[in-house]
Amino acid sequence: MSRETDVVVVGGGPAGVEAALAAAAQGLRVTVLDEAPQAGGQVYRAPPHAFGGTIQRDADPIGVALRQRLAASSVVTCFEHAVWSVSPGFRVDALAPDGPASWTARAVVVATGAQERVVPFPGWTRPGVIGLAGTTIMLKSQGMLPGERTLVAGQGPLLLAVAVGILKAGGQVAGVVDLASPADWAREWRALASRPRLTARGAGWRARLLRAGVPFLYRHAVQAVEEVPGGLRVLLTRVDRHGAPTKKVAREYLVDALAVGNGLTASTDITRLLRAAHHYDALRGGWVPTLDAEFRSSLPGLYVAGDAAGLAGADAAVADGILTGLTVARDLGAMTDTAYRGAIGSLRRRARRARSFGTAMARLMAIRPAHVAAIPAETIVCRCEDVTRAEIDAARSEGAQTANQVKAWTRCGMGPCQGRICGDIVGALLAAGEAPREPVGYFTGRTPLRPLPLNLLAGDVEYTSLKLPPPAPL
Amino acid sequence: MTPGLAQETVDVDVAVVGAGAMGATVALHLARGGMRTALVDRGEICREASGVNAGTLTLHMTRAALIPYAMKGRELWLTTERWLGMDVVARSAPGLSLAFTPAERDMLEKRAEARTAMGAPIRILTPAEACRIEPGLNASLLAAAFCELDGHVTAYLTGRAYRQALRAAGVAIIERMAVEQIDRLGQGYRVRGARQVVRARRVVLAGGVWLETMLAWLGLRVPVKCLINQLVVTERMRPVMRSVVGIASGLLSLKQFENGTVLIGGGWQGLGDPVRGGVQAVPENLIGNIQLARHAIPALGETRVVRIWLGLESETADAMPMIGALPGLDEAYVIGCVHSGYTSAPYMGRLLADRILGREPEMPLFDPTRLVQAAPNAVEEMT
């Protein structure tokens, strides 16, 4: 039996919680669903309650405050609920630890954040190689290090956050390998200056790493990772400003873990599933849902807030989340136009400022076409199904032009992650460099959004009590 | 067609509209038979029903009258390397249809009897015999119908295989171009799309659930029903079954592929229509379908559902195919609405190609004339 509510918010990060609080403050019944045990999203991820000691104390105060405000509100929260289907109308299906649960709602707010992207290189699927975002999850929720000695590589602000997180947790950072040059970072100074608190934090991180003697290698990328006795050998190469590697191996590191990531992509599973309109925006994390100025998608009743609408960062997620919650309240008749207009004025300015910082960071995370073009032929691109670049290229030369056709011909994107990890890379390979992504398209969104344990979903039923449709004709 | 817009015109002997397994097979054999052939699709080759169906090669659920065709089609799927040049990972496997209640056992016996009469080698087994063939079965079954001639095809590879063969045969493949209209010329047809115009002496409509729209272009009214079948695939798991398993009601089809994934089908319905395609899976229907699957093969409970998708199936008013020449038109043909159509497509397509090439088809076609309703505009013309 479905539970009925006014608004379901999928995702309990800053965008989702703020949207929920704003809508609930106008008297709407709001339910937040999240697969994590507590609110906070990835950015303010909380350690488990059972954990004491330093991890618990180190939880970000912004996240602590967010969780307190949520707990004090009328918002219904369902954690450890993995949403696996959203159907038009709306019906939201989730899998809870004790089985399936569903809701009907007048409006759905998608606040599912972002996901990791790695530009593949030989060896990236080996044990010991972990994503930058994945590393932050380990550090924040478990206080766990990826290894004793970790090399941190890739691009964007997560490089610094991860490297410092490792140091704080008592690990050793072998080096920070950045695809960008110092000039790339300097180019974003105007946006950085607009958020002095965050900029100061970044500068503090950098200073701390330098004090610890951590070398910074700019304009370098991982060329390959090999398993050797006692750990991983990471081969690095210099790259040009387009991300194209120069031929020779510039340096080798012997480490036991490599944390690597090439930015984030917007998490568009639900909007793709519901066939909402999307467009490609390389500077905001790839394919993003097309929204109006008030966060409405092309599907009436479906709203998107935070990084799921295009990367803009945690501060923008707060402001955009509140604005989205207010839009929902007005659209559902819980708020007058006048009250709405009164509420949004200053928020809009705040959102704009926050977004300019977030988009500057997103630019540093943007995929560089020459970097993708240089992926060696034998490299695995789809790690669920072990599909290599050579297989994708072969399908392309046989006439496959769209992401979905390559999926059918090669199984690329057919595995448990449903192409979340490889989707943007496959698109870039098919589009061959700078060409527009629109003709290539994206993997069609499919349920279940998370793999569903069959026993849990089927539950305990007697054969004779199954509800069966009429049989096929004789 | 927008006046003044430069459009490329292609002149061919035959234009086939719809690049599913039916249309692609017709096009392939016509090209091999010496005709200049164009194959047009609004999407890509075999990316609708032909690429997303369950790939079951079964006689248990095939309409009795179509059994001889399905048996021929099955043989062709198992030998695609020979005539398409690529293995579509088609495998022969025993097929079992199960009964868990007395009512299902009755249904099972009736179905088996009707199909055996048409030449399908189906016999009824005891539970113990069935469990020897398929040790993974739920031993509480009452009876099973057994057929040696079952199997499965990896449907998503269909398009890749056909595309190579069509190219080698010299077919002009026009993908991602929706046909907007077909005009009748003095002799032949003009097939109009946004980018190209195909002028053809003959036209073959092979549009599956879109046949109703296509036939209307030629002034024929034939209602076509559209089913939205949900399909479910699990993640890779240990070998838990070796046969193709269904139940008497037809509400289940199960098979495990060599890669370890298990495909669960059975015609449970999702949301969609011919205009929008398959739109959304229905969660309750997923749950019902997997409950049935786990009941048949209990080990499936261990695995996880990875993906659900939708495939559109077409059906005529009498649930029998339309394959043959269209009434009142010169050299215009239709092929489609074949129950278990994927199984028999390679054969049905060849039969129609033979007819168009002036050869006597090996088995009778299915005259579409019986399905044509008086169109309102036809009445107007008469008055």
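Sequence order as written defines the numbering, with residues in each chain counted from 1. Key to labels: chains lettered from A, ligands numbered from 1, both in the order written. Only residues with pLDDT of at least 70 are given local features in this predicted model, and only at 80 or more are side-chain atom pairs given and counted; all residues enter the totals for whole chains, interfaces and linings.

1. Digging into the overall build of chain A
For helices the rule is a DSSP run of H or I covering at least 4 residues; for strands it is a run of E covering at least 2, with both sets numbered from the N terminus onward. The number of helices and strands found in chain A is 16 helices and 22 strands. Radius of gyration: C-alpha atoms only; globule rule: 2.2 Å multiplied by the number of residues to the exponent 0.38. Taken over the C-alpha trace, chain A has a radius of gyration of 23 Å; the compact-globule value for 474 residues is 23 Å, and the two agree within 12%. Principal axes of the C-alpha set define a box for chain A whose edges measure 65 × 60 × 45 Å. With C-beta atoms placed from the backbone, a residue is labelled by how many other C-beta atoms lie within 10 Å of its own: buried for 20 or more, exposed for 12 or fewer, partly exposed between the two. Here chain A, with 474 residues, has 53% of them falling under the buried criterion. By the criterion used throughout, residues are in contact when their C-beta atoms, derived from the backbone, lie within 7 Å. Taking all contacts inside chain A whose residues are at least 6 apart in sequence as the whole, residues at least 24 apart take part in 69%.

2. Section: the overall build of chain B
Each helix and strand counted, chain B has eleven helices and 18 strands in total. Over its C-alpha atoms chain B spans a radius of gyration of 21 Å, differing by no more than 12% from the 21 Å that the globule rule assigns to 383 residues. Residues counted as buried form 56% of the 383 residues belonging to chain B. Across chain B, every contact between residues at least 6 apart in sequence was considered, and the portion connecting residues at least 24 apart equals 73%.

3. Thoughts on the domain arrangement of chain B
All names here are of chain B. How far each domain reaches was decided by an automatic or database domain assignment. Taken domain by domain, chain B holds domain 1 (8-49 + 157-222 + 318-382) and domain 2 (93-149 + 225-315). Its C-alpha centre places domain 1 at a distance of 31 Å from the equivalent point of domain 2. Between domain 1 and domain 2, the contact holds nine residues from the first and seven residues from the second. In this count, Pro and Cys sit with the nonpolar residues alongside Ala, Val, Leu, Ile, Met, Phe, Trp and Tyr, while Asp, Glu, Lys and Arg are called charged and the others, Gly among them, polar. Class assignment for the residues of the side of domain 1 that touches domain 2 results in six nonpolar, two polar and one charged.

4. Focus on the domain arrangement of chain A
Residues and elements named next belong to chain A. Domain annotation for chain A reports domain 1 (3-115 + 265-363), domain 2 (118-262) and domain 3 (375-431). Taking only C-alpha atoms into account, the centre of domain 1 sits 29 Å from that of domain 2. Opposite the eleven residues of domain 1 that make contact, domain 2 presents 14 residues. It is helix H11 (residues 337-365) that provides the largest number of residues to the side of domain 1 that touches domain 2, a total of six residues. Tallied by class, the residues present in the side of domain 1 that touches domain 2 amount to six nonpolar, two polar and three charged.

5. Section: the sheet that holds strand E13 (residues 231-239) of chain A
Residue and element names in this part refer to chain A. Judged by pairing direction, the sheet is antiparallel, and its three strands sit side by side in the order E12-E13-E14 without closing on themselves. In this open sheet, the two edge strands, each paired with only one partner strand, are strand E12 (220-228) and strand E14 (245-255). Taken over all neighbouring pairs, the strand axes of this sheet differ in orientation by 25 degrees on average, direction set aside. Where E13 lies against E14, seven bridges are found, and the strand directions are antiparallel. Across the sheet, Leu232 pairs through a bridge with Val255, a residue of E14. A pair of strands is labelled paired if DSSP reports no fewer than 2 bridges between them. Here an angle of 0 to 180 degrees is reported between the N-to-C directions of two axes, which are lines fitted to C-alpha atoms, with helices fitted over the stretch in contact.

6. Quick word on the interface of chain B and chain A
It is common to give the size of an interface as the accessible area that goes away when the parts come together. Contact residues are listed per partner, giving 42 residues for chain B and 34 residues for chain A. In terms of residue class, the side of chain B that touches chain A is made up of 19 nonpolar, 13 polar and ten charged. Note that strand E22 (residues 452-453) of chain A and strand E16 (residues 304-315) of chain B share two bridges and pair antiparallel. Bridging across to E16(B), Leu452(A) finds its partner in Val305(B).

7. A closer look at the pairing of strand E17 (residues 278-281) of chain A
All names here are of chain A. Bridging between E17 and strand E18 (residues 286-289) involves four bridges; their strand directions are antiparallel. Within E18, the position partnered with His279 by the bridge is Val288. The loop that links E17 with its antiparallel partner E18 comprises four residues; one of these, Gly285, has a positive phi angle of about 100 degrees.

8. Concerning the sheet that holds strand E15 (residues 257-262) of chain A
Residues and elements named next belong to chain A. Spatially, E8-E15-E9-E10-E11 is the arrangement adopted by the five strands of the open sheet, whose pairing is parallel. Of all the strands in the sheet, just strand E8 (129-131) and strand E11 (216-218) have a single pairing partner and so form its edges. For this sheet the average axis-to-axis angle between neighbouring strands, irrespective of direction, equals 20 degrees. Relative to strand E10 (residues 172-178), strand E9 (residues 149-155) runs parallel, the two being bridged by six bridges. Counterpart to Ala153 in the pairing with E10 is Val177. Contacts between helix H4 (residues 132-142) and the sheet are confined to E8, E9 and E15, with E8 contributing the most and set at about 85 degrees to the helix.

9. Some points on the pairing of E12(A)
Residues and elements named next belong to chain A. Sheet topology places E12 next to E13; eight bridges connect them, and they run antiparallel. Pairing of Glu226 across the sheet is with Arg233, part of E13. If you look at the hairpin formed by E12 and E13, you'll find two residues sitting between the two strands, and Gly230 has a positive phi there, around 90 degrees.

10. Comments concerning the packing of H4(A) against helix H5 (residues 158-168) of chain A
Residues and elements named next belong to chain A. Across the interface, H4 lies against H5 with an axial gap of 10 Å and an inter-helix angle of 35 degrees. At the point where H4 passes H5, the crossing takes the left-handed sense. Here Leu132, Ala133, Thr135, Thr136 and Leu139 of H4 lie close against H5, whose contacting residues are Leu158, Leu159, Ala161, Val162 and Gly165. Classifying every residue of the contact of H4 with H5 by side-chain character gives seven nonpolar, three polar and no charged. Crossing chirality is assigned from the near helix's rotation relative to the far helix, an anticlockwise turn below a right angle marking it left-handed and a clockwise turn marking it right-handed.

11. A few points about the nonpolar core
Judged by nonpolar contacts, the single largest core of 278 residues is most densely connected at Val109(A), Leu258(A), Ala15(B) and Val17(B). Counting residues per element, this core draws most heavily on helix H10 (residues 313-331) of chain A, which supplies ten residues. Apart from the residues lying within four places of it in its own chain, the contact partners of Ala15(B) are Ala38(B), Val40(B), Tyr189(B), Val191(B), Val198(B), Ala200(B) and Val203(B). The term nonpolar core refers to a group of buried residues, namely Ala, Val, Leu, Ile, Met, Phe, Trp, Tyr and Cys, whose C-beta atoms join them within 7 Å.

12. With respect to helix H5 (residues 102-117) of chain B
Residue and element names in this part refer to chain B. A helix is expected to span 1.5 Å for every residue after the first. For H5, spanning 16 residues, the distance from its first C-alpha to its last is 23 Å, which sits close to the expected 22 Å at 1.5 Å a residue. Every buried residue of H5 is listed here: Glu104, Met107, Leu108, Arg111, Ala112 and Arg115. On an axial view of H5, the arc spanned by its buried residues comes to 130 degrees, and they lie on one face. Facing away from the buried side of H5 by more than 90 degrees, the exposed set consists of Pro102, Ala103, Lys110 and Ala117. Buried residues in H5 make contact with helix H3 (67-77), strand E3 (91-99), strand E4 (122-125), strand E5 (143-152) and strand E11 (244-247). Just beyond H5, the residue with positive phi is Gly119, at close to 105 degrees. The arc under discussion is defined with respect to the helix axis, by the directions toward the C-beta atoms.

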